[in-house]
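Residue-level listing of the chains:
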Amino acid sequence: MQHIFEKGKKEITLLLLHGTGGTEHDLIGLAKEIDAEANILSIRGQVMEQGMPRFFRRLAEGVFDMEDLRFRTDELLAFIKEAAVQYGFDLDKVVAIGYSNGANIAGNLLFRHQGSLAGAILHHPMVPDREATIPDLTGTQVWIGAGTNDFMCSPQESEELEQLLTKAGANVQVGWFEYGHQLTMDEVQAAKVWYEATFR
Ligand code: MLT
């Protein structure tokens, strides 16, 4: 998979997953803002939608191709495991940062694979898979950046995701913002406050 790896000064690896139409370059600045000393593994989505990279196919806006989502989620995890061997980072200390489509596949890693992530910062995620049997997520740290007026993801859906993850044992915190589906600096700063309290 097309990706960027940057070795940091500590054991945490930030796994960066961009939004629709993004690339592996998009979230690097944001990751440095969150933790300038972590390793960075930033991946480009494998699926193309009218020239826009994504992490899995969709049938329409907000309507996922579930078979592809499951396949791509497993493929992403296999790549992360290969990268851990190649670059020598600790698989138990991977924290995802995803926006929109990238947050959705990060959420689906949590929904499908126990222990795949130590934590996740999910900017404007949806409930990725309503049929999933979510594994025990005890000890997993999750921060959700949600929109009170996000056209892509209703507040109810953000709350549903929070409840599903909490029920599975994850520690979940939600920050609410009023900028629709956009990712703003206010939201990044709130995620940073949570990250510093949780991982330092
Ligand atoms: C998705 O397809 O993952 C969501 O609709 C968000 C997005 O468009 O990226």
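- In the annotation of an unreviewed UniProt entry, the protein is listed under the name Carboxylesterase and assigned to Lysinibacillus odysseyi 34hs-1 = NBRC 100172.

## Description of the UniProt feature "domain: Dienelactone hydrolase" (unreviewed entry) in the protein
- The positions UniProt marks with the feature "domain: Dienelactone hydrolase" (unreviewed entry) are residues 74-187.
- In residues 74-187, helix accounts for 37% and strand for 22%; the two terminal C-alpha atoms are 29 Å from one another.

## Examining the site of the ligand
- By nearness alone, every residue bordering the ligand is listed as Thr20, Arg54, Phe56, Arg58, Gly62, Phe64, Ser100, Asn101, Asn104, Met126 and Met152.
- Here an oxygen atom of the ligand sits 2.6 Å away from a polar atom, N or O, in the side chain of Thr20.
- Relative to its free-state accessible area of 260 Å², the ligand is covered by the protein chains to the extent of 98%.

## Side note on the side chain of His181
- Tracing the backbone through its elements, the reader meets His181 in the loop between strand 11 (171-177) and helix 5 (185-199).
- Within the local environment of His181, its side chain forms a polar contact with the side chain of Asp150, the two groups lying 2.8 Å apart.
- For His181, the contacting residues outside a window of four places in its chain are Tyr99, Ser100, His124, Asp150, Phe151 and Met152.

## Some points on the pairing of strand 2 (residues 13-17)
- Of all five residues making up strand 2, five are buried, and the element is well covered by its neighbours.
- Here strand 2 shows two buried faces, one formed by Thr13, Leu15 and Leu17 and the other by Leu14 and Leu16.
- Where the polypeptide runs from strand 2 across helix 1 (residues 28-34) and back to strand 3 (residues 39-43), its parallel neighbour, the crossover connection is right-handed.
- Across five bridges, the pairing between strand 2 and strand 8 (residues 94-99) is parallel. Paired with Leu15 across the strands is Ala96, a residue of strand 8.

## Section: the environment of Leu137
- As for its placement among the helices and strands, Leu137 is situated in the loop between strand 9 (119-123) and strand 10 (141-147).
- Measuring from C-alpha to C-alpha, the distance between Leu137 and His113 comes to 9.4 Å, with 24 residues separating the pair along the chain.
- Look past the residues within four positions of Leu137 in its chain and what remains in contact with it is Leu110, Leu165, Ala168, Gly169 and Ala170.

Quick notes on the rules
Residues numbered from 1 in each chain as written. Predicted model: local features only at pLDDT ≥ 70, side-chain atom pairs only at ≥ 80, totals over all residues. Heavy atoms only, no water. UniProt positions renumbered as here; feature names shortened; annotations may be inferred. Helix = DSSP H or I, 4+ residues; strand = E, 2+ residues; numbered from the N terminus. Near = heavy atom within 4 Å. Polar contact = N/O pair within 3.5 Å; in protein donor to acceptor, adjacent residues only side chain to side chain. Areas by Shrake-Rupley, 256 points an atom, 1.4 Å probe, with all protein chains shown as cover. Contact = heavy atoms within 4.5 Å. Buried < 20%, exposed > 50% of the residue type's maximum accessible area, 1.4 Å probe, protein only. Right-handed = clockwise from strand over helix to strand, strands pointing away. Pairing = 2+ DSSP bridges.

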